[in-house]
Amino acid sequence: MVDDIILETRGLRRDFGGVQALRGVNLQVHRTSITGLIGPNGSGKTTLFQVVSGMDRGGNGKVLFNDQPILGLRPWQIYRLGLARTFQLSRVFPGLTVLQNLLVAGRPGDRGARKRALGLIGRVKLCEHVNALGSELSYGQQRLVEFLRVLMCNPALILLDEPAAGVNPTLRHILWELVRHINGLGTSVLIIEHNMNVIADLCDPVYVLNEGEIIAQGDFDTVRADPRVLEAYFGRTQRSGGTTS
Amino acid sequence: MRLDLSLGLILVLLAALAPVATNDYQLSFLLQLLLMVALAQSWNLISGMTGYVSFGHAVFFGVGAYTGALLLVAGHSWWAAVGWAALIATALALPIGLLTLRLHGPYFAIAMLGLNEVGRTVATLWVDLTEGGDGIALSPALLPALETNYYATLFLAVLATLAIGVVLGTRFGLELQAIREDEGAAEMVGVNTTRDKVIAFAASAVIPGAAGAVYAYYTSFIDPLSVFLPALNIQMVAMVLLGGRGTLWGPVIGVVIVMSVRELTWAEFPTLHLALLGALMILVILFLPEGILSVLRKRRGPGSTRLAEECRQQGE
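Residues numbered from 1 in each chain as written. Chains lettered and ligands numbered in written order. Predicted model: local features only at pLDDT ≥ 70, side-chain atom pairs only at ≥ 80, totals over all residues. Heavy atoms only, no water.

### Observations concerning the state of the cysteines
1) Next: For the structure on display, the rule yields one disulfide over all chains.
2) Next: Here A:Cys127 pairs with B:Cys311 through a disulfide, and the sulfurs are 2.2 Å apart. The sign of the -80° torsion about the S-S bond sets the A:Cys127-B:Cys311 disulfide as left-handed. A residue pair is termed interchain when its members come from two chains, as with A:Cys127 in the loop between helix 4 (113–123) and helix 5 (139–151) and B:Cys311 in helix 16 (residues 306–315).
3) Next: Overall, B:Cys311 belongs to the buried group, its relative accessible area being 0%. (Disulfide = S-S within 2.5 Å. Helix = DSSP H or I, 4+ residues; strand = E, 2+ residues; numbered from the N terminus. Buried < 20%, exposed > 50% of the residue type's maximum accessible area, 1.4 Å probe, protein only.)

What follows is the structure in C-alpha cells.
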C-alpha cells in the first residue's frame, strides 16, 4: 500500500566536498507510525533531518512527503505542508515569551491559535511560565517548549532530533507521554534517539544509519540482533574479525 | 496597550500645541527632535525588530531630500513632493533589500554603510541633476512656513511610532522578532523570512524618504554631505539602542535623552558634549544592554497573571 507511506526518501545523497554524509538513503515512514532512526555518532542522522526539512538544500535524490516531492523547497514551505522538526540543541526564541514562541509557529490567520497554544502549555504544566521569556526557562523546559511549538501547525509528521537529551527525568516523562499522545491523534513521528530503552519502547520500525547508509531496518529486536548493527556500534568482533582474515 | 495609547495622545496633543507656546528657536529644536523620532522609529522597524542592523539608513533620507528639493524647484507643491520622496525611497529600498538582506550580521551592516557612500557619491558626481558639491539652495518663496514643516515632521514621527505600535501587536511583528532571535528556527516554524525582511526594510524607508524632503524645506539648502550624513546613521543606531530596540517607546526615550543632553551642553562645552554622549552610550551598553526602557518595564510576575489562569483552564 503506497498510500500508507507519509515520507519516503529514495537514493538520498549529500556530499560535503569529499565527505559523503548520505550515500543513497532509502527510508520510509508509515502513516501514524513512530519510526526510530539510530546509528553511531557521525552516521548522518542529523544531516538526513537537515535535508528532509529543507534547512540543508544541497541534497540529491528524491524526498516525497505525502507523495509530493519536497527536495529544494524552503523550510517554511515544508513546515506549512505539515512536516515539522525540532533541533538537536534547543532553539527556542530566547527573547520571546513562551506563549509568543508558540503563537509564531501557528498557521497564519488561525483564530484558534491562542487557545491551542494555551492548551498545549497547560498540558505540559508550564502555565506559571506562560509569560516568561524563552531565556528564563531551564534547558528541559526550553526543549519542551520547542516541541510544543511545532505542534502548533498540527503537523502530519514530526522529526524529533534527540528530544530528551539534557532533559530531567520528570520532564522527559511528560515529553514521551506527549509523543505518544500526538501519535495517538494521528501524527506520524520520525525520531533520532540514543536511549535504546526508549527506542525499544516507542519505535516500530527502526532504521539503522551508518556512514551515510541504511544498514538495517525492522522491529527493534530484529535490528538489535543484526550483526552489521553490532559491528557499527561496537566495531568488528573477534569472531567475525577471525572469519574475514 | 491602553496606557500606550493615552500616553501617545497626550504627547501628540502637547506637541501639536507647541507652536503657540514656543519661539522659533525652540520650535526648531522640537522639529529636529521629532525628525529624529521619525528616523529612529523607522530604523527600529527593520533593525530593532529583525536585528538586521542598518548602518546606512541615511541613504533613504538623502534620496528623499534630493527628490523633495528637485520636485519643489520643478514646480510641484511641497506635499506632493514629500509624497514622491517617500515613494521613490521605498521603490529604491525594495531591490536593495532583496540583495542586501541575504547578508547577515556585520556583512549587512557594512553593505548598508557602503550604500550610503554610494548615494553621497552619486549626488556629488551627477552635477547635471544635483548641482554636485555646490548643493541646492531653495528659494524662500517656494518654502512652507516653519510651522508647516513642524506639523509635517510631527505627522511623520507619529506615523512612524504608530507603525511600530501596530506591528508589535500583529503576527507580522512576532515573525520579525522571531527572525531577530533565531532566523533558522523561525524559518523552520513556517516564517517566510525573506518576504518579511524585505517588507520591513521597504517599509522602513518610507518615512526617512518623506523626512528627507521636509528637512530640505526646513533648512532650505542641501548638499551631498549634509543629507547622506554618516553621523546620521550612527545617531539612529545609538538613540534606538539607548532607549531599547524593538520596543514602542525606547526610540522616543533615546531621542529625547540624546537631543536634550546635546541641547543643554553644547553651548557650554562645544566639544566635550560629544564625549559626554559617548560616555552615556558606553554606560548604557555596559549596564543596560537592552536599553533604558528595560529598567522601567515592570518585571513579569510569574504565576500571578490572568494569562496563567486562562492557561490552566485550557490545559484541563
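### Observations concerning the environment of A:Trp176
All names here are of chain A.
1) Next: With respect to the helices, strands and loops of the structure, Trp176 is situated in helix 6 (residues 169–184).
2) Next: Between the C-alpha atom of Trp176 and that of Leu202, which follows or precedes it by 26 residues, the distance is 8.7 Å.
3) Next: Contacts of Trp176, omitting those with residues within four sequence positions, involve Pro163, Ala164, Ile191, Glu193, Val198 and Leu202. (Contact = heavy atoms within 4.5 Å.)

### Observations concerning the environment of A:Gly186
Residues and elements named next belong to chain A.
1) Next: Note on placement: Gly186 falls in the loop between helix 6 and strand 8 (188–192).
2) Next: Along the sequence, Gly186 and Gly218 sit 32 residues apart, while their C-alpha atoms lie 21 Å from each other.
3) Next: Residues in contact with Gly186, not counting those within four places in the same chain, are Thr32 and Ala156.

### Some thoughts on a nonpolar patch on the surface
1) Next: On the surface, a cluster of nonpolar side chains totalling about 380 Å² of accessible area is made up of B:Leu7, B:Ile10, B:Leu11 and B:Leu14.
2) Next: Structurally, B:Leu14 can be placed in helix 1 (residues 2–21). (Patch = residues over 30% accessible without salt bridge, like charges linked within 9 Å, V, L, I, M, F, W, Y side chains within 5 Å. Areas by Shrake-Rupley, 256 points an atom, 1.4 Å probe, with all protein chains shown as cover. Salt bridge = Lys/Arg side-chain N within 4 Å of Asp/Glu carboxyl O.)

### With respect to the packing of helix 4 of chain A against helix 16 of chain B
1) Next: It is at 7 Å that the axes of helix 4 of chain A and helix 16 of chain B come closest, and there the two elements cross at 80°. By the angle between their axes, helix 4 of chain A is roughly perpendicular relative to helix 16 of chain B. Between helix 4 of chain A and helix 16 of chain B, the contacting residues are A:Arg114, A:Lys115, A:Leu118, A:Gly119, A:Ile121, A:Gly122 and A:Arg123 on the first element and B:Leu307, B:Glu310, B:Cys311, B:Gln314 and B:Gly315 on the second.
2) Next: Its residues assigned to classes, the contact of helix 4 of chain A with helix 16 of chain B comprises four nonpolar, four polar and four charged. (Axes fitted to C-alpha atoms, helices over the stretch in contact; angles between N-to-C directions. Parallel < 35°, antiparallel > 145°, perpendicular 65-115°, else oblique. Nonpolar A, V, L, I, M, F, W, Y, C, P; charged D, E, K, R; others polar.)

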